[in-house]
Amino acid sequence: MTTSLNSSTRRRLQKLNQIPCVWEGDRRTLSASSPRGDTEAGSECILWVDGSQGVVRAMDVVATDSGPEVVVRTLLRAMEHPNSPAKPARPQKIVVRDREIQFYLRGVLQELDIAIDYVPDLPLIDELYRGFEEFGEAHPPELPPQYATALKKKAFEIWQAAPWELLEEHQIIAVKLNHFDIETLYISVMGMLGMEYGILLYRSAESLQRFRAKVLIEEDATEQLEEAFLKQDCLFLTFERSEEMDSGGEFVDLADLPLSEIEPSFGNIHPLEGLRSVLYEEEASAVFVALEALNRFLRNERRQLGGKTFPEISRNYRITLPSSQSEKKSQPLSVTVSTLPNLATELEEMADAVATEAIEAEDLDDMPLFQSLRDDLIPEDSFLSLGVVSWEMVQQLRQKVTHQQVGKPTEAGDGLPVILIQTSRPKAKEAIDLILSAGGLRGIGFNPGADPFGGDRYDLGVLQTNNGELFLFGEFLEDDPVHVVARKKWNDRCKHTKGYCGLIVARGLMGASRGQPQMKDMMALFEARSLSSKDLGIGMLQLMPQLE
């Protein structure tokens, strides 16, 4: 059944100037080498061309199962909104090479005075498609054919090894090749934050250091970050969700997905080339060897890499490149894989220094101060959260953190309620030292506060040390629905533990683990009593104006 144009559309088209010309129209399957790339392979292209002027008036790419309506849709655009330099117009004649399209258009375009004829060949469109195919064939594949299968296999081995569970971005692994015009590749692992997963293989330590320094300084400046990104000198492997799987716009942690939904991508970044999603043969060889070496290293040294410190390790491997059946098996290459703890410390200290400078540069003049409370324990710009850690993790923290104060909580409920304070390593150390010098932590509580000028009421987070001093760790609006829920959970959990809670101090303010510190980021656990406002004994606190 043919759908007709509505009356208003027909009248609008009838008003267009009719020009004495013949248009060619067709829909054809796009090959994998089409100019649209692999993402459009298997789709169909609809073209409307003015044969008299040699101009493509409109073009669309559609799904193969689209109905004939899409041909008309593109034709109407060719008439009313053609590609430049063509002007809006109606043709006198249309020719197509498909009988079904011819009959369909005859039914739809009635009353528009357009002749619709069948021809066996469309010379202009044929020539365009030949150009498309030549253009597509001139583009190299993303991976050299002899490496495509082997590299993707190595990528999935990396995914299953999950190096981001062991290594932070600043903990660099060196792979000494001395082949393919590359002396050493410096590997940085992305993924500990659960946002982006991948392997960056820098051709020099200097490129890696420059990029990390630029990122730390320009953390919120998008244009500068993009410029810094394109000035890297590295090869890369990244992981994404398969295009067939739609997340509906919601964030999905790739680590929660099955392997069948993960898609590896390879490429190169260079200051003069920019981003290139293609690896040539020598680059593919270097990446293959580096990934195989990294896989073996992770398999052999997983226990050491998972410790509290980044150890100094060096191992030698002999790796054979993949070869096609027609080629002789290549000789194995000798490769040395080493951790670089000194470089890791340098990169970490660089991040800590930038974080400290940012904190010290803050203008604190308008920060609210409540009478009777010190506010010099928790650094400004720290990441703060009210939450819970499982009892299993509490046991791990008691064994692994450098500074700890163990209490006697009842291990009931879903875990120990905790306040998490995450800041730079120097500031975290200062806070821990201050608590220790005050005799340790007596308790954690919340106390009412008020702003007599603005009328707001607050729930003030308070830490009390064993020498009786009180420190403000957070100011929460009393009627904030998020805080109301968090406080209710806090109170319920403290009941389960018979009045015990904890304070965790962690490092990593500017690193990949910001907001989600890992076990190795935890520097202190203080288990203490949960204090009521009556226990604190300071009554309602008033916001005091700053003195000039």
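Residues numbered from 1 in each chain as written. Predicted model: local features only at pLDDT ≥ 70, side-chain atom pairs only at ≥ 80, totals over all residues. Heavy atoms only, no water.

### Re the overall build of the protein chain
When helices and strands are counted, the protein chain shows 13 helices and 23 strands. A fraction of 67% describes how many contacts in the protein chain between residues 6 or more apart in sequence connect residues 24 or more apart. Within the structure as shown, the protein chain displays about 28200 Å² of accessible surface, and the carbon and sulfur contribution to it stands at 48%. (Helix = DSSP H or I, 4+ residues; strand = E, 2+ residues; numbered from the N terminus. Contact = heavy atoms within 4.5 Å. Areas by Shrake-Rupley, 256 points an atom, 1.4 Å probe, with all protein chains shown as cover.)

### Topic: unusual backbone geometry
Each neighbour pair has its own omega, and for S84 with P85 the value is 10 degrees, a cis peptide bond. Tracing the sequence through the fold places P85 in the loop between α2 (69-80) and β4 (90-96). Positive phi outside glycine occurs at E111, with the angle close to 75 degrees. For E111, the position within the fold is in the loop between α3 (99-108) and β5 (115-118). Backbone geometry places D181, a non-glycine residue, at a positive phi of 60 degrees.

### What about the pairing of β5?
In the sheet, β4 pairs with β5 via four bridges, with the strands oriented parallel. Each bridged residue has a counterpart across the sheet, and for I94 the counterpart in β5 is I116. In terms of handedness, the path from β4 via α3 over to β5 forms a crossover that is right-handed. (Pairing = 2+ DSSP bridges. Right-handed = clockwise from strand over helix to strand, strands pointing away.)

### Brief notes about the packing of helix α5 (residues 145-161) against helix α8 (residues 281-305)
Between α5 and α8, the least distance of the axes is 10 Å, while the angle of their chain directions is 30 degrees. Classified by the angle between their axes, α5 and α8 sit roughly parallel to one another. Between α5 and α8 lies a crossing whose hand is left-handed. Across the interface between the two elements, Q146, Y147, A150, L151, K154, E157, I158 and A161 from α5 touch E281, A284, S285, V287, F288, L291, E292, L294, N295, L298 and R302 from α8. Each residue belonging to the contact of α5 with α8 can be placed in one class, and the counts come to eleven nonpolar, three polar and five charged. (Axes fitted to C-alpha atoms, helices over the stretch in contact; angles between N-to-C directions. Parallel < 35°, antiparallel > 145°, perpendicular 65-115°, else oblique. Left-handed = near helix turned anticlockwise from the far one by under 90°. Nonpolar A, V, L, I, M, F, W, Y, C, P; charged D, E, K, R; others polar.)

### Some remarks on the layout of surface pockets
Considering only enclosed or pocket space, the second largest pocket measures out at about 780 Å³ in volume. Residue lining of the second largest pocket: 35 residues in total, with E168, K308, R507, M519 and K520 positioned closest to the centre. If you list the elements that add at least two residues to the lining of the second largest pocket, you get α9 (341-360), α11 (425-437) and β22 (522-531). Looking at the lining of the second largest pocket, the element that brings in the most residues is α9, giving four residues. By residue class, the composition of the lining of the second largest pocket is 13 nonpolar, twelve polar and ten charged. (1 Å grid on protein atoms, 1.4 Å probe; cavity = no way out; pocket = protein on both sides within 12 Å on 5 of 7 lines; lining within 4 Å. Points joined across faces, edges and corners; volume = space filled by probe spheres on them.)

### What to know about the pattern of salt bridges
If you walk through the whole model with that rule in mind, you get 30 salt bridges. E165 is the salt-bridge partner of R302, the closest N and O atoms lying 3.7 Å from each other. Of this pair, R302 sits in helix α8 while E165 sits in the loop between α5 and β6 (173-179), placing them 137 residues apart in sequence. On the basis of relative accessible area, R302 is assigned to the partly exposed category, the value being 31%. (Salt bridge = Lys/Arg side-chain N within 4 Å of Asp/Glu carboxyl O. Buried < 20%, exposed > 50% of the residue type's maximum accessible area, 1.4 Å probe, protein only.)

### A look at the sheet that holds strand β13 (residues 333-339)
Read from one edge of the open sheet, eight strands run β11-β10-β9-β8-β7-β6-β13-β12, paired in antiparallel fashion. If you trace the sheet from one side to the other, it starts and ends with β11 (274-276) and β12 (314-319), each paired once. Across this sheet, the average inter-strand angle for adjacent strands is 25 degrees, counted without regard to direction. Note: β12 against β13, six bridges, orientation antiparallel. Counterpart to R318 in the pairing with β13 is S334. Together, β8 (197-202), β9 (234-241) and β10 (262-270) form the strand contacts of α5, whose direction differs from that of β10 by roughly 105 degrees.

### Considerations on the packing of aromatic side chains
Under the definition given, this model contains nine aromatic pairs. A ring pair is formed by W164 and Y197, whose centres lie 5.0 Å apart and whose planes are at 70 degrees; its orientation type is edge-to-face. Here the residue W164 occupies a position in the loop between α5 and β6, and Y197 occupies one in strand β8, the gap between them amounting to 33 residues. On the basis of relative accessible area, W164 is assigned to the buried category, the value being 6%. In this structure Y197 comes out as buried when scored by relative accessible area, which is 4%. Geometrically, the ring pair formed by W164 and F239 is edge-to-face, given 6.0 Å between the ring centres and 70 degrees between the ring planes. On the criterion of sequence distance, the pair formed by W164 in the loop between α5 and β6 and F239 in strand β9 is long-range, its members being 75 residues apart. Among the residues examined, F239 registers a relative accessible area of 4% and is labelled buried. Put simply, the rings of W159, W164, Y197 and F239 pair up and form one aromatic cluster. For R99, the ring lying beneath its charged end belongs to Y118, and the centroid distance is 3.7 Å. (Phe/Tyr/Trp six-rings, centres within 6.5 Å; stacked < 30°, edge-to-face > 60°. Lys NZ or Arg CZ within 6 Å of the ring centre and 35° of its normal.)

### Observations regarding α3
Buried within α3 are the following residues: I101, Q102, Y104, L105, G107 and V108. Against the buried residues of α3 lie β1 (18-29), β2 (44-50), α2, β4 and β5.

### Looking at α11
Three or four residues apart is the spacing at which side chains of an α-helix point the same way, because the helix has 3.6 residues per turn. With 13 residues, α11 ought to run about 18 Å at 1.5 Å a step, and its terminal C-alpha atoms sit 18 Å apart, in line with that. Looking at the residues trailing α11, positive phi occurs at G439, about 90 degrees. (Expected span 1.5 Å × (residues − 1).)

### Description of the packing of α2 against α3
Viewed as axis vectors pointing N to C, α2 and α3 meet at an angle of 60 degrees, and their least axial separation amounts to 10 Å. As judged from the angle between their axes, α2 and α3 are oblique. Helix-helix and strand crossings are classified by hand; for α2 and α3 the assignment is right-handed. Contacts between α2 and α3 pair E69, V71, V72 and L75 from the former with I101, Y104, L105 and V108 from the latter. Here the contact of α2 with α3 is composed, by residue class, of seven nonpolar, no polar and one charged.

### Looking at the confidence of the model for the protein chain
Averaged over every residue, the pLDDT of the protein chain is 82; the share at 70 or more is 83%. For the protein chain, the element scoring lowest by mean pLDDT is strand β14 (residues 369-370), at 42; β12 scores highest, at 96. (pLDDT = per-residue confidence, 0-100.)

### Re a nonpolar patch on the surface
Residues F229, L230 and L275 make up a contiguous nonpolar surface patch of about 250 Å² in total accessible area. Mapped onto the elements of the fold, L275 is located in strand β11. On the accessibility criterion, L275 (46% relative accessible area) is partly exposed. (Patch = residues over 30% accessible without salt bridge, like charges linked within 9 Å, V, L, I, M, F, W, Y side chains within 5 Å.)

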